[in-house]
Amino acid sequence: MPVAAIRAVSKGQNGVGAFILQCKRLDFHYCDWAGSSKGMNAFLKHDLPTFARANPSIEITVSPRPRRHPVIRGHYINGRERVICVRNLEKAQVQQKAEILKNANGEKVKRVNKPVGSLNESVRGVWDPYRGGAVSVRDVLGLPKR
Amino acid sequence: MRPLLQAVAAFDTLLSGFSRQGHRNYSICRQCHERLQLRARRTSHAPRRVAFSSLSAKRNNAAEATDQLETPDDYLPAETGESLEWIGSKEWLEARDAKPIRHKPFLPVKKLTKPQDIFRALHRSLVEIYARASSTQGSQKHLWRDTAPNAPDETQLVRFKVEPSSGKVVLVFPDREAKARLCDALGAQMSGASWTIEESSRETQEGHWASLTLGDVATKFAIIKRSMQLTGIRISDATINSCSTPQSLLAALTTTPKDIKVVDSLAEDRRLKGLDNVTIYGQRLTAMDKDQQLGRWKVIEQELERRGLPIFGS
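Residues numbered from 1 in each chain as written. Chains lettered and ligands numbered in written order. Predicted model: local features only at pLDDT ≥ 70, side-chain atom pairs only at ≥ 80, totals over all residues. Heavy atoms only, no water.

1. A word on the overall build of chain B
Okay, step 1: Counting secondary structure elements, chain B contains 12 helices and 4 strands.
Okay, step 2: Here chain B holds 314 residues, and 27% of them are scored as buried.
Okay, step 3: Summarising the internal contacts of chain B: among those between residues at least 6 apart in sequence, 60% fall at separations of at least 24.
Okay, step 4: As presented, chain B carries roughly 23,300 Å² of accessible surface, and 53% of it is formed by carbon and sulfur atoms. (Helix = DSSP H or I, 4+ residues; strand = E, 2+ residues; numbered from the N terminus. Buried < 20%, exposed > 50% of the residue type's maximum accessible area, 1.4 Å probe, protein only. Contact = heavy atoms within 4.5 Å. Areas by Shrake-Rupley, 256 points an atom, 1.4 Å probe, with all protein chains shown as cover.)

And the structure:
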């Protein structure tokens, strides 16, 4: 008798029950000499401790990249990477870019056409009161029609 | 604690109602009772023996001191609001803006960068300060303050000599005209005891002026202030303490401070000490570093050795 696998009753979704941050690592690269790293260096000196303390689940590495523009590289648990160049940005703008990378899921950017997405799209579409036959309470309750 | 004026006024009104009754048939708290007693004393012109706090006592003293001030002769008390001085009106703003505030910074905005210019500025500051210090007139307190903005270039011809007996620094001028021009510029008295005139062809025996000893603290302070004023370069207090000769002062003025690297400032940051999720690298991360982090480098190394290939390139 073949062993039957346990059928999945529900499909796990991140955020339903538990939320796991998709960003696992952020690399901050800067240059000591170049002026385009001014905002990045200010962010590293002043705001990085607060940012790192607020995100203990993200591994943060800081390393120089001499004679290059500053970048932030995000590594995600799906194996992908996203890089944002923060040249000539102010300290607060660098913080914004770091937040973007932190909140990203690592997927490619997709066009969003619908307000609500579904993992199991219905071929019939979403119910619409203006289409189809009229629904009466008597039909629902199984009462005889008048 | 800040007093609530409206609450105090209402409280006084309430107490005045109580005091008019003339007898205490009301059950009031201790603070209200004390306040009622104080009010009764005030109305009966009794001497004030109770003070609310030390602050109120200070206020009373200040008010008494204000009363003792003499009224100026031209003081005219205002009878209406229009005769008071108005602040913040349109005319007041125009009158204020008519006289723009001209701020003259102590240090010039533009710094001297060439070592020769810094050298000349330091020499000039030495000449000016020693000239003022040795003159019989003038304030010895602020030697650096009222120096001439445009001293003549003859300051560069002035040399220094140290008296062996007293150890005093003596200015040596090439001729009388140079001394007169410098005196006019500095406003110092010409009959200074330590101003010597010698021929410019003669060389001093005591060595270079940069090796003078800045022993007197007031003179040293004035020289440093004046040299900072002439060069525009600010010197830290720690450096000032360590400067004992003009040579060391010149070195401090000409040495550009080393740029602080981001790694050094992050290494000193105490907020990052307890964070385990932050790693700081002092050098650029190469592909080999990434392989080492993944544990892949040893495999690559073994394979390169097995095939007889160089590990680190050619």
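Having seen the model, we can carry on.
2. Here we look at helix α5 (residues 115–134) of chain B
Okay, step 1: With 20 residues, α5(B) extends 28 Å from end C-alpha to end C-alpha; this agrees with the ideal 28 Å at 1.5 Å per step.
Okay, step 2: Burial of α5(B) is extensive: 14 of the 20 residues sit out of reach of the surface. (Expected span 1.5 Å × (residues − 1).)

3. Remarks on the interface of chain B and chain A
Okay, step 1: Between chain B and chain A, the contact holds 19 residues from the first and 22 residues from the second.
Okay, step 2: Between chain B and chain A, a total of about 1,600 Å² is buried, with carbon and sulfur atoms accounting for 59% of that surface.
Okay, step 3: When the area that chain B buries against chain A is broken down by residue, the three leading residues are B:Val262, B:Arg271 and B:Asn277, summing to 35%.
Okay, step 4: Along the contact surface separating chain B from chain A lie 10 residue pairs in polar contact (both at pLDDT 80 or more).
Okay, step 5: At the level of elements, α10 (262–268) and β4 (278–280) of chain B are the ones that each hand at least two residues to the side of chain B that touches chain A.
Okay, step 6: The element best represented in the side of chain B that touches chain A is α10(B), accounting for 4 residues.
Okay, step 7: Its residues assigned to classes, the side of chain B that touches chain A comprises 9 nonpolar, 6 polar and 4 charged.
Okay, step 8: Note that strand β2 (residues 59–64) of chain A and β4(B) share 3 bridges and pair parallel. Residue A:Thr61 lies in a different strand from β4(B), and its bridge partner there is B:Thr279. (Buried area = accessible area lost by both parts, 1.4 Å probe. Polar contact = N/O pair within 3.5 Å; in protein donor to acceptor, adjacent residues only side chain to side chain. Nonpolar A, V, L, I, M, F, W, Y, C, P; charged D, E, K, R; others polar. Pairing = 2+ DSSP bridges.)

4. Side note on a negative patch on the surface
Okay, step 1: A cluster of acidic side chains, namely A:Asp32, B:Asp259, B:Asp264 and B:Glu268, defines a negative patch on the protein surface.
Okay, step 2: Mapped onto the fold, B:Asp264 is located in helix α10.
Okay, step 3: The exposure class of B:Asp264 is partly exposed, given its relative accessible area of 40%. (Patch = residues over 30% accessible without salt bridge, like charges linked within 9 Å, V, L, I, M, F, W, Y side chains within 5 Å. Salt bridge = Lys/Arg side-chain N within 4 Å of Asp/Glu carboxyl O. Lys, Arg positive; Asp, Glu negative; His and termini not counted. Charge placed at Lys NZ, Arg CZ, Asp CG, Glu CD.)

5. Structural notes on the pattern of salt bridges
Residue and element names in this part refer to chain B.
Okay, step 1: Enumeration according to the criterion identifies 12 salt bridges over all chains in this entry.
Okay, step 2: Notably, a salt bridge pairs Arg296 with Asp291, separated by 2.7 Å at the nearest N-O pair.
Okay, step 3: We classify Arg296 as partly exposed; its relative accessible area is 42%.
Okay, step 4: Glu303 is paired through a salt bridge with Arg306; the nearest N and O atoms lie 2.9 Å apart.

6. Brief notes about a positive patch on the surface
Okay, step 1: A cluster of basic residues, A:Arg67, A:Arg68, B:Arg284 and B:Lys290, forms a positive patch on the protein surface.
Okay, step 2: Relative to the helices and strands, A:Arg68 is located in the loop between β2 and β3 (71–76).
Okay, step 3: Given the relative accessible area of 48%, A:Arg68 is considered partly exposed.

7. Observations regarding the packing of helix α1 (residues 38–54) of chain A against helix α2 (residues 91–103) of chain A
Residue and element names in this part refer to chain A.
Okay, step 1: One can describe the packing of α1 onto α2 by two numbers: an axis separation of 8 Å at closest approach and a directional angle of 55°. Regarding the angle of α1 to α2, the classification is oblique. Seen along the crossing, α1 lies across α2 with a hand that is right-handed. Of α2, the residues touching α1 (which contributes Gly39, Met40, Ala42, Phe43, His46, Asp47 and Phe51) are Lys91, Val94, Gln95, Ala98, Glu99 and Lys102.
Okay, step 2: By residue class, the composition of the contact of α1 with α2 is 6 nonpolar, 3 polar and 4 charged. (Axes fitted to C-alpha atoms, helices over the stretch in contact; angles between N-to-C directions. Parallel < 35°, antiparallel > 145°, perpendicular 65-115°, else oblique. Left-handed = near helix turned anticlockwise from the far one by under 90°.)

8. So, the side chain of A:His29
Residues and elements named next belong to chain A.
Okay, step 1: Looking at the secondary structure, you find His29 in strand β1 (residues 23–30).
Okay, step 2: Its relative accessible area of 10% is what places His29 among the buried residues.
Okay, step 3: At 2.9 Å, the side chain of His29 and the side chain of Ser63 are in polar contact.
Okay, step 4: Among all residues touching His29, those that are not within four sequence positions of it are Met40, Ser63, Arg65, Pro70 and Val71.

9. A word on the packing of aromatic side chains
Residue and element names in this part refer to chain A.
Okay, step 1: This model, assessed by the stated rule, comprises 5 aromatic pairs over all chains.
Okay, step 2: Centre to centre, the rings of Phe28 and Phe51 are 6.4 Å apart; their planes meet at 85°, and the pair counts as edge-to-face. Within this pair, whereas Phe28 is found in strand β1, its partner Phe51 is found in helix α1, the two being separated by 23 residues in sequence.
Okay, step 3: With a relative accessible area of 0%, Phe28 lands in the buried category. (Phe/Tyr/Trp six-rings, centres within 6.5 Å; stacked < 30°, edge-to-face > 60°.)

10. Description of the sheet that holds β1(A)
Strand pairing in a sheet relies on backbone hydrogen bonds, with the paired strands running either antiparallel or parallel.
Okay, step 1: The strand order across the open sheet built from 5 strands is β4(A)-β3(A)-β1(A)-β2(A)-β4(B), with neighbouring strands paired in mixed fashion. Among the strands making up the open sheet, the edge pair consists of β4 (81–85) of chain A together with β4 of chain B. Strand-to-strand twist across the sheet, computed as the mean angle between neighbouring axes with direction ignored, equals 15°.
Okay, step 2: Bridging between β1(A) and β2(A) involves 6 bridges; their strand directions are parallel. Bridging across to β2(A), A:Asp27 finds its partner in A:Thr61.
Okay, step 3: Across the sheet, α1(A) touches β1, β2 and β3 of chain A together with β4 of chain B, and the angle it forms with β1(A) is around 155°.

11. Here's the deal with the confidence of the model for chain B
Residue and element names in this part refer to chain B.
Okay, step 1: In this model, chain B carries a mean pLDDT of 76, and residues with pLDDT of at least 70 account for 67%.
Okay, step 2: The low-confidence segment residues 46–52, where pLDDT is below 50, has 9 contacts with residues more than four positions distant or belonging to other chains.
Okay, step 3: This stretch, residues 199–205, has a pLDDT under 50; its non-local contacts, to residues over four places away or in other chains, come to 8 contacts. (pLDDT = per-residue confidence, 0-100.)

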